[in-house]
Amino acid sequence: MRRALALAQQGWGQTAPNPMVGAVVVRDGVVVGEGYHARYGEAHAEIVALKAAGDRARGATMYVTLEPCNHFGKTAPCTEAILEARVTRVVIAAADPTALAGGGARHLADYGVQVDFSIEEAAALELNAPFFFAATNPARPWVTLKLALSSDGKMNDPSGERRWISNELSRKEVHRLRANVDAIAVGLGTVRADDPELTARGAIRPRVLPMRVVFDKNADTPLTSTLVRSARETPTMVFAHHPPVPRLAALHNAGVDVFEAEDLPAALQALQGFGVQHLLVEGGARIAQEFLRQNLVDRLIIFQSPITLGTGALSPFDGLAADFRETLSRVPIVRRAEFGEDVMSVYALREA
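As the structure is a prediction and not an experimental result, all values here were calculated from the model.

Criteria and cut-off values
- Residues numbered from 1 in each chain as written.
- Predicted model: local features only at pLDDT ≥ 70, side-chain atom pairs only at ≥ 80, totals over all residues.
- Heavy atoms only, no water.
- Helix = DSSP H or I, 4+ residues; strand = E, 2+ residues; numbered from the N terminus.
- Buried < 20%, exposed > 50% of the residue type's maximum accessible area, 1.4 Å probe, protein only.
- Polar contact = N/O pair within 3.5 Å; in protein donor to acceptor, adjacent residues only side chain to side chain.
- Phe/Tyr/Trp six-rings, centres within 6.5 Å; stacked < 30°, edge-to-face > 60°.
- Lys NZ or Arg CZ within 6 Å of the ring centre and 35° of its normal.
- Contact = heavy atoms within 4.5 Å.
- Pairing = 2+ DSSP bridges.
- Axes fitted to C-alpha atoms, helices over the stretch in contact; angles between N-to-C directions.

## Observations concerning the side chain of Ser315
With respect to the helices and strands, the residue Ser315 is situated in the loop between strand 12 (299-304) and helix 13 (324-328). On the basis of relative accessibility, which here comes to 1%, the residue Ser315 falls in the buried class. Within the structure, Ser315 has its side chain in polar contact with the backbone nitrogen of Phe317 (distance 3.1 Å).

Shown next as structure tokens:
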């Protein structure tokens, strides 16, 4: 199953809105076939693994990270292919929570296949957390907040001399993360200070470009910003609270979609309605504070740099409960990695 999970990750950035899935076929203790869902609309992991196994799938066990689908969609039901191949046992990491594709395990069992669940379930849920969250939470997307912090917990250089807090290796990892989300969001302050592109420019090119989102109360996003100037090439949204009509018209004429939203929850519900399962929030400090204060963050990713910025710099934790840092020290860390001198920690603020 761990091999199946590793295979599933090879679909990073290519399978949305479907989950990443891996499968391994084992007969007499030997792997005879394996596969993963490489791209939305193409063959599912089970089909790829069964094709690799061929006749050796008869009497074999299949390990799969998600319950095999039981419906006709872009492809035929995986359950029928498993039955046709005469696989005798299927081991599943996590059940499919969707009404459309679920029920595969019961269908297999009805035809005499032994089905076992919950092997490496936690890892499977974490791998596709936005997919599982979307199935049961219609109010908003799964939210990941990414912060680059100095050694003293600050996230901007008040002198303006240092644009980047994290190093180049960390920034490459951020581009990898961007490739597997549906939208990337910042506040107006970050647009003005950094003029970001908010695109995935790493080694992995996403199948669908993530939407760019700006939370901007008065729709003051500069028309000269990179986001606005490239809005006709990459979908760009601004969420504002009763924006002035001239600003609405100017942004609309530049290709930006402007939506009114009373608050962050309303904006997030609108994004969910546009098919956004996973939103990556990249700052700045004030928008990070609001997401944390309103308990709207599911995964908090902190890239900790060894540099020090001093007392004049902003902290994303200012204005939060006094014991937030202490609380964070008790939150489970689901991934930790080093990128040069930077240390990345992924905090699970909510269970997958």
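## Points about the packing of aromatic side chains
Under the definition given, this model contains eight aromatic pairs. With a centroid separation of 5.1 Å and 40 degrees between ring planes, the pair formed by Phe317 and Phe324 is classed as tilted. With respect to class, Phe317 is no different from Phe324; both count as buried. Taken together, the ring pairs connect Phe215, Phe239, Phe259, Phe274 and Phe291 into an aromatic cluster. When the ring centre of Trp164 is taken as reference, the NZ or CZ atom of Arg171 above it lies at 4.5 Å. Above the ring of Trp12, the side-chain terminus of Arg176 is found at 4.4 Å from the ring centroid.

## Things to note about the environment of Val334
Note that Val334 resides in strand 13 (residues 333-339). It is 6.4 Å that separates the C-alpha atoms of Val334 and Ala348, two residues lying 14 residues apart in sequence. The contacts of Val334, once residues within four sequence positions are left out, are Glu126, Arg299, Val346 and Ala348.

## Overview of the sheet that holds strand 10 (residues 257-260)
Strand order in the open sheet formed by nine strands is 10-9-8-7-11-6-12-14-13, and the pairing between neighbours is mixed. Single-partner strands in this sheet number two, and they are strand 10 and strand 13. The mean angle between the axes of side-by-side strands here comes to 20 degrees, regardless of whether they run parallel or antiparallel. Where strand 13 and strand 14 (residues 342-348) come together, six bridges link them in antiparallel fashion. Counterpart to Phe339 in the pairing with strand 14 is Asp342. Running over the sheet, helix 11 (residues 264-273) touches strand 6 (142-149), strand 8 (211-215), strand 9 (236-240) and strand 11 (278-281) and is turned about 150 degrees from strand 9.

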